[in-house]
Amino acid sequence: MDIKQHIRTVPDFPKEGILFYDISTLLAHAEAWRACVDQLAQAVRVWNPDKLIGIESRGFLTAAPLALELGLGFAMVRKQGKLPGETVRYVYELEYGTDTVEIQADAVKPGERVVILDDLMATGGTMAAAIELIRKVGGEVAGAACIIELTGLGGVDELDVPFASLIQYDE
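Because the structure is a prediction, the values reported are computed rather than measured.

Rules of the game
- Residues numbered from 1 in each chain as written.
- Predicted model: local features only at pLDDT ≥ 70, side-chain atom pairs only at ≥ 80, totals over all residues.
- Heavy atoms only, no water.
- Phe/Tyr/Trp six-rings, centres within 6.5 Å; stacked < 30°, edge-to-face > 60°.
- Lys NZ or Arg CZ within 6 Å of the ring centre and 35° of its normal.
- Helix = DSSP H or I, 4+ residues; strand = E, 2+ residues; numbered from the N terminus.
- Contact = heavy atoms within 4.5 Å.
- Axes fitted to C-alpha atoms, helices over the stretch in contact; angles between N-to-C directions.
- Parallel < 35°, antiparallel > 145°, perpendicular 65-115°, else oblique.
- Nonpolar A, V, L, I, M, F, W, Y, C, P; charged D, E, K, R; others polar.
- Pairing = 2+ DSSP bridges.

### A short note on the packing of aromatic side chains
So, point 1. Applying the stated rule across the entire model yields three aromatic pairs.
So, point 2. The ring of Tyr169 has Lys4 lying over it, and the distance from NZ or CZ to the ring centre is 4.6 Å.

Laid out in structure tokens, this is it:
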């Protein structure tokens, strides 16, 4: 199944000049969503992960059902202040300023192999930050994957781990 047919494009969202790739139409179509999870499972399985990590928030939608499909645990990387308990944070540079991502301190065991997932790869900054955060807590990042990759933005060039995407747009 061509899951690309189930991605809706929304011009000028969230602001003028941005073309938003909406996965809600993919999620709403059971057969297409099943095909997406199956394709992600095939891509991720080769990295032999112990756990999957989802990046807030659409990465949760991507990683959680995939973890269930693969019989793996799941953990979340979130923006600062969104997780209960003890957390570990990583501050990273944006074009204008900084941002912070966090994970619960006990979410990844030292040496645990993880794959990090999000719905979309654009510039790669958040994914690269999540990779560094996992390393900071002692995890081994075996790879990263997304449903959609915006190849024209070069986000994959920011990563130093294997990467897979199911759909590519050159915009």
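### Observations concerning the environment of Val114
So, point 1. Inspection of the secondary structure puts Val114 in strand β7 (residues 113–121).
So, point 2. It is 6.8 Å that separates the C-alpha atoms of Val114 and Ile53, two residues lying 61 residues apart in sequence.
So, point 3. Setting aside its immediate chain neighbours within four residues, Val114 contacts Pro49, Lys51, Ile53, Val108, Ile134, Glu140, Val141, Ala142 and Gly143.

### A closer look at the packing of helix α2 (residues 30–45) against helix α3 (residues 58–70)
So, point 1. The interhelical angle for the contact between α2 and α3, taken along N-to-C directions, is 70 degrees, at an axis separation of 10 Å. The angle between the axes of α2 and α3 places the two elements in the roughly perpendicular class. Residues Trp33, Arg34, Val37, Asp38, Leu40, Ala41, Val44 and Arg45 of α2 form the contact with α3, whose participating residues are Leu61, Thr62, Pro65, Leu66, Glu69 and Leu70.
So, point 2. A class-by-class count of the residues in the contact of α2 with α3 yields nine nonpolar, one polar and four charged.

### Quick word on the sheet that holds strand β9 (residues 163–169)
So, point 1. An order of β5-β6-β4-β3-β7-β8-β9 is seen for the seven strands of this open sheet, with the pairing classed as mixed. Pairing within the sheet leaves two strands with one partner each, and these edge strands are β5 (87–94) and β9. Across the sheet, the axes of successive neighbouring strands diverge by a mean angle of 20 degrees, strand direction being ignored.
So, point 2. Summarising the sheet, strand β4 (residues 73–79) and strand β6 (residues 97–104) pair through two bridges and their orientation is antiparallel. If you follow Arg78 over to β6, its bridge partner there is Glu102.
So, point 3. Strand contacts of α3: β3 (51–55), β4, β7 and β8 (140–150), with the helix running at about 165 degrees to β3, the strand carrying the most contacts.

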